[in-house]
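Here is how the chains run, residue by residue.
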Amino acid sequence: GSMFAMLIDPILVCFDQHIVNPGRGQMKACADDIGAALKELQTLLLVQPIFKVGQQISNLTLKPKKCVIIPTATEFSPEVKKQITDWLQENIPEWGDFQVADTAKYLGFFMGPASHLPQWRGPIAKWTSRYKAIADTHVAANLSAKMYNIYAISVLGYKAQLCHLPKKIHSKERAALHHLMHLATNSLDSKGLFNLSVVNGPKIQSCLAMNRSALY
């Protein structure tokens, strides 16, 4: 850990001196995951030599197939993708295999103009499989609620810190809780489901309430 920090620190200092401080963009790192927001594509001509020196110092090598450029100054299209790829192959050939896309994942979050499409796909699929697995145990309602609060809703927590849940989650969760509690479809509205504890029923956490408390 400390050895890695000593090796990568000079690289980050160079980014500050040549990219961040002159106002050409921002460079952020979490361990060896490095992200950049640059004002111009041409700034990569300054970024690439820093990575090259960093490779010589630390033996850390970029894997072009895992690197993604997301254009934000213009609407993404096949033509824009080709123009960027052609520019890379002409000006920085060793980076010619970089992906060019309208979204990509960084530290678990999708970023870019099209990030809203896949952002919650994985977490909601996992949440769905968790609550269905709990429902299939056919345990008592109070235990189902506790298991849901611990094992199902928690999988949405990481992204809920920064991203709004999709609007459809309201109806999805209501249907999920009816299934989980083995209730007749639409027998309770959302207010009733989340206030069962008032009549000594189980206390169920709400996805949307969790999301709002994390964001605000």
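Here the structure is a predicted model, which means the values were calculated and not measured.

Parameters and conventions
The numbering scheme is per chain: residues are counted from 1 as the chain's sequence reads. Given that this is a predicted model, residues contribute local features only at a pLDDT of at least 70 and side-chain atom pairs are listed and counted only at 80 or more, while totals for whole chains, interfaces and linings are drawn from all residues. Side-chain metrics in this entry use all non-hydrogen atoms of the structure; hydrogen atoms and water are not considered. To qualify as a nonpolar core, a set must consist of buried Ala, Val, Leu, Ile, Met, Phe, Trp, Tyr and Cys residues joined through side-chain atoms within 4.5 Å. Think of it in three bands: residues with accessible area under 20% of the maximum for their type are buried, residues over 50% are exposed, and the middle band is partly exposed, with areas taken using a 1.4 Å probe on protein chains only. Elements are defined by DSSP. Helices are runs of H or I of four residues or more, strands are runs of E of two residues or more, and each kind is numbered from the N terminus. Between N or O atoms, a polar contact is any pair within 3.5 Å; within protein, one atom must be a potential hydrogen donor and the other a potential acceptor, and residues adjacent in sequence are included only when both atoms are from side chains. We call two residues in contact when some of their heavy atoms are within 4.5 Å. Each helix should span, by expectation, one fewer than its residue count multiplied by 1.5 Å. Here a Phe, Tyr or Trp ring, Trp counted by its six-membered ring, pairs with any other such ring whose centre lies within 6.5 Å, and the pair is stacked when the planes are under 30 degrees apart, edge-to-face when over 60, and tilted otherwise. Between Lys or Arg on one side and Asp or Glu on the other, a salt bridge is scored when a side-chain nitrogen of the former is within 4 Å of a carboxyl oxygen of the latter.

1. Some thoughts on the nonpolar core
Soluble globular proteins: nonpolar side chains tend toward being buried together. In terms of nonpolar packing, the biggest core is built from 28 residues, with Trp-127, Tyr-148, Leu-156 and Cys-207 touching the most fellow members. When residues of this core are traced back to their parent elements, those giving at least two are helix H4 (121–136), helix H5 (141–152), helix H7 (169–180) and helix H9 (207–215). The dominant element in this core, judged by the number of residues it contributes, is H4, at five residues. Ile-8, Phe-15, Ile-50 and Val-80 belong to the second-largest nonpolar core, a separate cluster that totals 20 residues.

2. Some words on the side chain of Asn-149
Position of Asn-149 relative to the elements: it lies in helix H5. A polar contact of 2.9 Å, which involves the side chain of Asn-149, links it to the backbone nitrogen of Gln-205. Not counting residues within four places of it along the chain, the set of residues in contact with Asn-149 comprises Ser-154, Lys-203, Ile-204 and Gln-205.

3. Some words on H7
Look at H7: 16 Å from first C-alpha to last across 12 residues, which is about the 16 Å you get at 1.5 Å a residue. On its buried side, H7 packs onto H4, H5, helix H8 (190–193) and H9. One or two steps after H7, the chain reaches His-182, where phi turns positive at roughly 60°.

4. Describing the packing of aromatic side chains
Tallied over the full model, the rule gives five aromatic pairs. For the pair Phe-51 and Trp-95, a centre-to-centre distance of 5.9 Å together with 70° between the ring planes defines the contact as edge-to-face. Of this pair, Phe-51 sits in helix H2 (residues 44–58) while Trp-95 sits in the loop between helix H3 (78–91) and strand S4 (99–100), placing them 44 residues apart in sequence. Overall, the relative accessible area of 18% leaves Phe-51 in the buried class. Both rings, one in Trp-95 and one in Phe-98, keep their centres 4.8 Å apart while their planes meet at 20°; by these two values the pair is stacked. When sorted by exposure, Trp-95 lands in the same class as Phe-98, which is buried. In textbook terms, an aromatic cluster arises when at least three aromatic residues are bridged by ring pairs, as seen for Phe-15, Phe-51, Trp-95 and Phe-98.

5. With respect to the pattern of salt bridges
The full count for this structure, using the stated rule, is one salt bridge. Here Lys-82 ties to Asp-86 by a salt bridge, and the two come within 2.7 Å at their closest N and O atoms. Of the two residues, Lys-82 and Asp-86 both sit in helix H3, four residues apart, roughly one turn of that helix. The partly exposed category is assigned to Asp-86, whose relative accessible area is 33%.

6. Structural notes on the environment of Pro-22
Relative to the helices and strands, Pro-22 resides in the loop between helix H1 (2–20) and strand S1 (25–30). Assessed through its relative accessible area of 41%, Pro-22 is described here as partly exposed. Each C-alpha atom of the pair Pro-22 and Gly-54 lies 20 Å from the other, and the pair is 32 residues apart in sequence. What Pro-22 contacts, discounting residues up to four positions off in sequence, is Asp-16 and Gln-17.

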